[in-house]
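Residues per chain, in single letters:
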Amino acid sequence: ENQQRAMKRLGVVVPVSILLIFLMLFSALGSVRSAFLVIMNLPFALVGGILTMFALNIILSVSTAIGFIVLFGAAVEDGVMMVSFINQLRKEGLSIPDAIRKGGELRLASVMMTTLTTLLGLVPMIYATGSGSEMQKPLAAVILGGMATANILTLIVLPAIYHIVESKQERKEVKA
């Protein structure tokens, strides 16, 4: 009964959290397109978290739901690092492909270090056997799996989506 109430509450909290994240991204990045591109990291992270749940036979619980919320925050952080830096390079006069290439090269270490420190910090939770480990393991597993896919997709797919979205916008501006 408590879990049902908590899951119902999370059903409201998670969408509201995503909306608030989007609004903060919009105010920080100054563009709906940039905020949308960063929010695109959420499905990337979700895929890894869900695959990990299936692989480890973990059921959806309050612990895993909280893991997804933490995961979304980390995925947004990686997306902000990438998109804001590419936008900065574009403002300095680089073309879209050049900004993406240089941004990917220069932010690779930052994104990888953010992910690796998170993953290494969660390893003890995966191997915990004491009291509370039944809550820690699902939370850590979701974050570990989601961070792995989010990292890869942030470095590969996000720049490709950025190129598509910004090239389309640039073509519209040229026509106008």
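In the block above lies the structure referred to throughout.
Residues numbered from 1 in each chain as written. Predicted model: local features only at pLDDT ≥ 70, side-chain atom pairs only at ≥ 80, totals over all residues. Heavy atoms only, no water.

A.B. asks: In this structure, what is going on with helix α3 (residues 41–55)? I would like to understand it.
C.D. replies: An α-helix turns once every 3.6 residues. As a result, residues three or four positions apart point the same way. When the terminal C-alpha atoms of α3 are compared, their 22 Å separation across 15 residues agrees well with the 21 Å that a helix rising 1.5 Å per residue should span. Buried residues of α3: N41, L42, F44, A45, G48, G49, T52 and M53, and no others. (Helix = DSSP H or I, 4+ residues; strand = E, 2+ residues; numbered from the N terminus. Expected span 1.5 Å × (residues − 1). Buried < 20%, exposed > 50% of the residue type's maximum accessible area, 1.4 Å probe, protein only.)

A.B. asks: Would you take a moment to explain unusual backbone geometry for this structure?
C.D. replies: In the Ramachandran plot, N57 falls in the positive-phi region, its phi being about 55 degrees despite a non-glycine side chain. With respect to the secondary-structure elements, N57 resides in the loop between α3 and α4 (62–91). By relative accessible area, N57 is classed as exposed at 70%.

A.B. asks: Sorry if this is basic, but what is going on with the packing of aromatic side chains here?
C.D. replies: The description of two aromatic rings rests on the distance between their centres and on the angle between their planes. As enumerated under the stated definition, the model contains one aromatic pair in all. Seen from their ring centres, F68 and F72 are 6.4 Å apart, and the 45 degrees between their planes marks the pair as tilted. On the criterion of helical spacing, the pair formed by F68 and F72 is a turn pair, its members being four residues apart in helix α4. In terms of burial, F68 and F72 fall into one category: buried. A cation sits over an aromatic face here: R107 above F85, 3.9 Å from the ring centre. (Phe/Tyr/Trp six-rings, centres within 6.5 Å; stacked < 30°, edge-to-face > 60°. Lys NZ or Arg CZ within 6 Å of the ring centre and 35° of its normal.)

A.B. asks: Even after reading the chapter, I still don't get the side chain of S167, so can you show me in this structure?
C.D. replies: Along the chain, S167 turns up in helix α6 (residues 133–175). Judged by relative accessible area, which is 13%, S167 ranks as buried. In this structure the side chain of S167 is engaged in a polar contact, spanning 2.7 Å, whose partner is the backbone oxygen of H163. (Polar contact = N/O pair within 3.5 Å; in protein donor to acceptor, adjacent residues only side chain to side chain.)

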